[in-house]
Protein chains: 2
Amino acid sequence: MTDQSFHIVFALFANLTQLDFTGPHQVFSRMPGAKISLASATGGSVKTEGGIAFSSLHKLADIEACDMICVPGGYGVTEAMADPEFIGQVTRLAKGARFVTSVCNGSLALGACGLLKGRRAACHWAWRDMLGAFGAIADEGRVVRDGHIITGGGVTAGIDFALTVVAEVVGADAAQGIQLVLEYAPAPPFNAGRPDLAPAHILAQVQANLDKSMPARRAAVRAVAEAMKP
Amino acid sequence: MTDQSFHIVFALFANLTQLDFTGPHQVFSRMPGAKISLASATGGSVKTEGGIAFSSLHKLADIEACDMICVPGGYGVTEAMADPEFIGQVTRLAKGARFVTSVCNGSLALGACGLLKGRRAACHWAWRDMLGAFGAIADEGRVVRDGHIITGGGVTAGIDFALTVVAEVVGADAAQGIQLVLEYAPAPPFNAGRPDLAPAHILAQVQANLDKSMPARRAAVRAVAEAMKP
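The structure presented is a predicted model; accordingly, all values stated were derived computationally and were not measured.

**Considering the overall build of chain A**
Scanning chain A for helices and strands turns up eight helices and 10 strands. Computed over the C-alpha atoms, the radius of gyration of chain A is 17 Å, within 12% of the 17 Å expected from 2.2 N^0.38 for a compact globule of 230 residues. With the principal axes as the frame, chain A shows a C-alpha extent of 50 × 45 × 35 Å. Each of the 230 residues in chain A was classed as buried or not, and the buried ones make up 57%. In chain A, the proportion of contacts linking residues at least 24 apart, taken out of those at least 6 apart, comes to 67%. Counting every atom, chain A has about 8,400 Å² of accessible surface; 51% of that belongs to carbon and sulfur. For chain A, the centre of its 19 positive side-chain charges and the centre of its 20 negative side-chain charges are spaced 4 Å apart.

Next comes the structure, spelled out in structure tokens:
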């Protein structure tokens, strides 16, 4: 495998969470044989939710095929799910790919492509229950594999996801070499990274903040799922 | 503090490792009151070592002052250290900043600014011993604080570094809230993230690869340190 090229396409959209794909990108950029393309429905540039813009993007329609497609997540996923061009192109590229993948709530976009029916998938904890609308089986795992579909949990799970994929494609030695070079021996200063780990008052505070915007997002996801019904 | 603005400047350069600053950026973008600027010596755009370009950068000289300056790392740090404009501007901004920070081997650039004399600092493990050339005390910690200087270790340490800074500036609750939203409960599929943790054959393989380029980089760092001597 190491002598062959492995083409990875990140399917980007406006208002995404940049670490969802920059984490995996850093890992894959050190993978022997990897060729990485950043693409979006229209090409050009996208601005992410934290303010960083990514430009010189390919147009998804201009990419003939790839070995792996990866859809990151972010608040903008609800708009991306409702964009027929984005969903159509991701669906087309997924059909020919060896691995169909996502990070964070990017799995909802895979759901909107009709790719997760009866499949187990990961998602950001705050959005995870919405997977059911697409016939997917929500899984609490940080990296979840179901056949050729590999999905990561929220944001930072993308790094663990990418190392898992490198191990699968090139081997465990390559993955460990990349882990060492990226000095990935995490030592979070707090232990609050999951709802079951966070102190109750932190979870309550985050939840109260999410409650301001989640009803509208939840309705948008439901509308996309409804429109898919035959 | 939460009602005040806190201006963070990332000082970028060509051939940097993008995750060194995109990890912290994701954390800081959720910090109440944070205003983040991406800047470089010339403004415009920089291409990172993994291929992603960042554009619309500010010119460091155009930024009057900031609360925190952060220098990420990467292979390009040796060129950045030898660029008088980059070093001069980082030195100027550091003088008025509440926190002077780096991730990965970005601490070598702080050293080249003369900011680390007698100070403990972190660095990517493969470059750590070079800190001594600038009178700094190399520290194996993942996040190291010495007065107002806060430095992170290699690449992924930037996330732990940023959460540490948020706790310092806004408080532990805010840091934990961000950790929860970014689902930062890391679960690496391997345990090879430090030389003392990695299997011997993985370390040997990574070291052999580094040995191809490190002698030239080491010489470049020495040359910068020599030129600083009075």
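**Let's talk about the relation of the copies chain B and chain A**
Turning chain B through 180° and shifting it by 0.0 Å along the axis lays it on chain A, with an RMSD of 0.0 Å. On the angle and the small slide along the axis, the relation comes out as a two-fold axis. Of the interface residues in chain B, 100% have counterparts in chain A that sit at the interface too, so the contact is made through matching surfaces.

**Structural notes on the state of the cysteines**
Residue and element names in this part refer to chain A. The final tally for this structure, using the stated rule, is zero disulfides over all chains. Cys123 provides the cysteine sulfur closest to Cys104, a residue in no disulfide bond, and the two sulfurs are 6.8 Å apart. According to the relative accessible area criterion, Cys104 is buried, its value standing at 4%. Summary of cysteine pairing: Cys113 is not part of a disulfide, and the nearest cysteine sulfur, belonging to Cys66, is at 12 Å. Exposure remark for Cys113: the relative accessible area of 12% places this residue in the buried category.

**Quick word on helix α1 (residues 19-28) of chain B**
With 10 of 10 residues buried, α1(B) lies mostly within the body of the structure. Buried within α1(B) we find Leu19(B), Asp20(B), Phe21(B), Thr22(B), Gly23(B), Pro24(B), His25(B), Gln26(B), Val27(B) and Phe28(B).

**Comments concerning the side chain of His124(B)**
Mapped onto the elements of the fold, His124(B) is located in the loop between β7 (120-121) and β8 (137-138). By relative accessible area, His124(B) is classed as buried at 6%. Only 2.7 Å separates the side chain of His124(B) from the backbone oxygen of Val181(A), close enough to count as a polar contact. When near neighbours in sequence (up to four residues on either side) are disregarded, His124(B) contacts Val181(A), Glu183(A), Cys104(B), Asn105(B), Gly153(B), Gly154(B) and Val155(B).

**Topic: the packing of aromatic side chains**
Two descriptors summarise a pair of aromatic rings, namely the distance from one centre to the other and the angle between the planes of the rings. All names here are of chain B. Within the structure shown, the criterion is met by 11 aromatic pairs over all chains. With centroids separated by 6.4 Å and ring planes inclined at 45°, the aromatic side chains of Phe10 and Phe28 adopt a geometry described as tilted. In this pair, Phe10 sits in strand β1 (residues 6-12) while Phe28 sits in helix α1, placing the two residues 18 residues apart along the sequence. The class for Phe28 is buried, based on a relative accessible area of 0%. Seen from their ring centres, Phe13 and Phe86 are 5.7 Å apart, and the 85° between their planes marks the pair as edge-to-face. Of this pair, Phe13 sits in the loop between β1 and α1 while Phe86 sits in helix α3 (residues 84-96), and the two are 73 residues apart along the sequence. Since its relative accessible area comes to 2%, Phe86 is described here as buried.

Calculation criteria
Residues numbered from 1 in each chain as written. Chains lettered and ligands numbered in written order. Predicted model: local features only at pLDDT ≥ 70, side-chain atom pairs only at ≥ 80, totals over all residues. Heavy atoms only, no water. Helix = DSSP H or I, 4+ residues; strand = E, 2+ residues; numbered from the N terminus. Rg over C-alpha atoms; globule rule 2.2 N^0.38 Å. Buried < 20%, exposed > 50% of the residue type's maximum accessible area, 1.4 Å probe, protein only. Contact = heavy atoms within 4.5 Å. Areas by Shrake-Rupley, 256 points an atom, 1.4 Å probe, with all protein chains shown as cover. Lys, Arg positive; Asp, Glu negative; His and termini not counted. Charge placed at Lys NZ, Arg CZ, Asp CG, Glu CD. Least-squares fit on C-alpha atoms with pLDDT ≥ 70 in both. Disulfide = S-S within 2.5 Å. Polar contact = N/O pair within 3.5 Å; in protein donor to acceptor, adjacent residues only side chain to side chain. Phe/Tyr/Trp six-rings, centres within 6.5 Å; stacked < 30°, edge-to-face > 60°.

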